[in-house]
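What follows is each chain in one-letter form.
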Amino acid sequence: MLLQGKTVVVSGVGAGLGHQIAAAVVADGGNAVLGARTEANLAKSAAEIDPAGHRTAHLPTDITDEAQCEALAALAVERFGGIDGVVHVAAWDSYFGGLEDADFATWQGVLDVNLLGTLRMTRACLPALKERGGAVVLIGTQSAVAAPSQVRQAAYAASKGALTSAMYSMARELGPHRIRVNTVLPGWMWGPPVQAYVRFTAHTEGVPESEVLSRLTERMALPELATDADVAQAAAFLASDRARAITGQSLLVNAGELMR
């Protein structure tokens, strides 16, 4: 049990990766404190993960609001006595485009969620994390280090690249408190967003979904996409004591599409 007795705050819990990470925390013996903007999503996820309600707690949380971040951290301490880790999934990833068509007001919104929101949530958890050490796990993106050819998400990639840069500073700053800071960089990840992309592209082009999927997998060393659950397992490892000597690192979970 990687996370036996640990309490982990998970931001951005919906139907995909956030749910899988919270599920991995509970499956590995931990307590999961779920945050997201939509109460219905939180309640559904918690009920599926922990029907008895003994090992989960949840609270609607917009990470652009500092008070809401602090309230989620306070819930973790009140319910389970402390915080051992925080995994940041909450992100604005639905804005597409590059530089020429950029709406910089929207870019500012993306940065406020993906970069500053993550930092707000981390800072809210720091008093509890400092009490016994622990882990901060950032969910980044492969797009921050290698732009995909299928879609343009310049704002998302830039915000996540900035977050990875912030990781290095946080790892140095928080290391003396035995707080580790690492990033998981997913590539194409089989879950609700990619499933929707495959369906939409197949419908638009009038081709089978299998053809669209094969375009993605043919560039990978392994013959299938990583899944939300695969990325969740990597995050759970980095949140656990088995990664006690790992900090300031980025781990690609991408079926070998990009190797560094």
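Anyway, here's the lowdown on the structure attached to this text. In this text, all values refer to a predicted model and were calculated from it rather than measured experimentally. (Residues numbered from 1 in each chain as written. Predicted model: local features only at pLDDT ≥ 70, side-chain atom pairs only at ≥ 80, totals over all residues. Heavy atoms only, no water.)

Some details on the overall build of the chain
Along the chain, the regular secondary structure elements total 8 helices and 9 strands. The globule rule puts the C-alpha radius of gyration for 260 residues at 18 Å, and the 18 Å found for the chain is close to it. Along the first, second and third principal axes, the C-alpha set of the chain runs to 55 × 40 × 35 Å. Considering only contacts within the chain whose residues lie at least 6 apart along the sequence, 72% involve residues at least 24 apart. Just so you have it, the chain exposes about 12100 Å², and 53% of that area is on carbon and sulfur atoms. (Helix = DSSP H or I, 4+ residues; strand = E, 2+ residues; numbered from the N terminus. Rg over C-alpha atoms; globule rule 2.2 N^0.38 Å. Contact = heavy atoms within 4.5 Å. Areas by Shrake-Rupley, 256 points an atom, 1.4 Å probe, with all protein chains shown as cover.)

Focus: the pattern of salt bridges
Summed over all chains, the structure comprises 8 salt bridges. Among the salt bridges present, the one from R120 reaches D112, with a minimum N-O distance of 2.6 Å. The exposure class assigned to R120 is buried, which follows from its relative accessible area of 18%. (Salt bridge = Lys/Arg side-chain N within 4 Å of Asp/Glu carboxyl O. Buried < 20%, exposed > 50% of the residue type's maximum accessible area, 1.4 Å probe, protein only.)

Re the packing of helix α1 (residues 17–27) against helix α2 (residues 39–49)
The contact between α1 and α2 brings their axes to 10 Å, and the two run at 35 degrees. Considering only the axes of α1 and α2, their crossing is right-handed. Listed contacts from α2 to H19, A22, A23 and V26 of α1 are S45, E48 and I49. When grouped by side-chain class, the residues that make up the contact of α1 with α2 number 4 nonpolar, 2 polar and 1 charged. (Axes fitted to C-alpha atoms, helices over the stretch in contact; angles between N-to-C directions. Left-handed = near helix turned anticlockwise from the far one by under 90°. Nonpolar A, V, L, I, M, F, W, Y, C, P; charged D, E, K, R; others polar.)

Overview of the environment of A24
Here A24 shows up in helix α1. Overall, the relative accessible area of 4% leaves A24 in the buried class.

Some thoughts on unusual backbone geometry
Although it is not a glycine, R178 adopts a positive phi angle of roughly 60 degrees. Relative to the assigned elements, R178 resides in the loop between α5 (154–174) and β6 (179–186). In this structure R178 comes out as exposed when scored by relative accessible area, which is 68%. Within the chain, A255 stands out as a residue other than glycine whose phi angle is a positive 60 degrees. Locating A255 in the fold gives a position in the segment after β9 (250–253). The class for A255 is buried, based on a relative accessible area of 11%.

Looking at the packing of aromatic side chains
Taken as a whole, this structure holds 2 aromatic pairs when the rule is applied. Taken together, a centroid distance of 5.6 Å and an interplanar angle of 70 degrees make the contact between F104 and W107 edge-to-face. Of the two residues, F104 and W107 are both situated in helix α4 (residues 104–132); the distance of 3 residues between them amounts to about one turn of the helix. The exposure class assigned to W107 is buried, which follows from its relative accessible area of 16%. Ring geometry for W188 against Y197: centres 5.1 Å apart, planes inclined by 40 degrees, an arrangement best described as tilted. Assessed through its relative accessible area of 13%, W188 is described here as buried. (Phe/Tyr/Trp six-rings, centres within 6.5 Å; stacked < 30°, edge-to-face > 60°.)

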